[in-house]
Amino acid sequence: MVNILFCGNKQVFDGMLTCALSILKRTESKEPFTFYCFTMDVYHLREDYLPLTDSQMDFFNKVIREYNPQNKALKIDVTQIYALEFSACPNEDAYCSPYTLIRLFADMVTELPDKVLYLDVDIMFNRDVHLLYDIDISGFEYAAARDHYGKYLINPNYINAGVLLFNLEYMRQTGILKKARTLIKTKKLVFADQSALIRSTTKKKMLPQKFNDQKFLHSHTVVRHFSKRLFWLPFPHTDNIKQWNVSKIHKVFRYYQFDDVLYEYIYLREKFNREVK
């Protein structure tokens, strides 16, 4: 069983769908997948901060079971945990959204197994997920790759928390996530959960950049992370192009390697829109 963790509100559906399709299409093994989806209702903070819907989860389950009937997706509502842990905390207005904080509840959710791969939803797999998932992380809290910009600007081993291979059994022993939650509750941090996780780490395994390429796509790239990046032309600027922005993936990046995934996504998204009306 391969265990994947997503976190977010109803707006992450496109990312979940494209990321999952890339995993399923690029993986040769017939081993089943379980997708755990942390979500919550914090409408009181912003009107679009609503949880993943049942219709989204039902559709997602239908899609992944076309690849293997044993595949499944589980929605886990962490609204109450969030209210107890982080409500009105200094990082509630995190750089992205409060949904970035909820992966720090992984050790508190008993449904999660001892090993789970956390993924931001703006990620596409270019190669087999087992190249990453099967890495031995015994004796490490987690494995992660360097942040493309942070390794130059902050620290050579500064990690990007968009791809995290969790050893939850060991993390529960060291209390890393409990320490990170304490920091979130007591200190305003520049990168919120990522900063808290890094500060609380006892032992991490550094991965090659190919497991979280945030700027380039090479033939050896396993994970392409479509995070915000700097462009120099036609003038220096940043842009946040996600994989479901298919026309920009073609026009700006000139990527066609994911077309089998993206064209199926377009078909499925239109199908979902018809069915939920």
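The structure reproduced in this document is the subject of the present report. (Residues numbered from 1 in each chain as written. Predicted model: local features only at pLDDT ≥ 70, side-chain atom pairs only at ≥ 80, totals over all residues. Heavy atoms only, no water.)

1. Side note on the side chain of Asn 3
And step 1. For Asn 3, the position within the fold is in strand 1 (residues 2-7).
And step 2. Judged by its relative accessible area of 7%, Asn 3 falls in the buried class.
And step 3. At a separation of 3.2 Å, a polar atom in the side chain of Asn 3 contacts the side chain of Tyr 133.
And step 4. Those residues in contact with Asn 3 that sit more than four places away from it in its chain are Thr 34, Tyr 36, Pro 113, Lys 115, Val 116, Leu 117 and Tyr 133. (Helix = DSSP H or I, 4+ residues; strand = E, 2+ residues; numbered from the N terminus. Buried < 20%, exposed > 50% of the residue type's maximum accessible area, 1.4 Å probe, protein only. Polar contact = N/O pair within 3.5 Å; in protein donor to acceptor, adjacent residues only side chain to side chain. Contact = heavy atoms within 4.5 Å.)

2. Re the layout of surface pockets
If you roll a probe as big as a water molecule over the atoms, it shows you where there is empty space left.
And step 1. Estimated volume of the largest pocket: approximately 1200 Å³.
And step 2. As for the largest pocket, its lining consists of 36 residues, and the residues nearest its centre are Tyr 95, Cys 96, Asp 122, Asn 240 and Lys 242.
And step 3. In this structure, the second largest pocket encloses a volume near 150 Å³.
And step 4. Along the lines of polarity and charge, the residues of the lining of the second largest pocket split into 4 nonpolar, 4 polar and 3 charged. (1 Å grid on protein atoms, 1.4 Å probe; cavity = no way out; pocket = protein on both sides within 12 Å on 5 of 7 lines; lining within 4 Å. Points joined across faces, edges and corners; volume = space filled by probe spheres on them. Nonpolar A, V, L, I, M, F, W, Y, C, P; charged D, E, K, R; others polar.)

3. Section: the packing of helix 2 (residues 54-65) against helix 10 (residues 259-276)
And step 1. Following both chains from N to C, one finds helix 2 and helix 10 inclined at 135°, their axes separated by 11 Å at the closest point. One finds that helix 2 runs oblique with respect to helix 10. The handedness of the crossing between helix 2 and helix 10 comes out as right-handed. For the pair formed by helix 2 and helix 10, the contact residues are Ser 55, Gln 56, Phe 59 and Val 63 on the first element and Leu 268, Lys 271, Phe 272, Glu 275 and Val 276 on the second.
And step 2. The residue inventory of the contact of helix 2 with helix 10, partitioned by class, reads 5 nonpolar, 2 polar and 2 charged. (Axes fitted to C-alpha atoms, helices over the stretch in contact; angles between N-to-C directions. Parallel < 35°, antiparallel > 145°, perpendicular 65-115°, else oblique. Left-handed = near helix turned anticlockwise from the far one by under 90°.)

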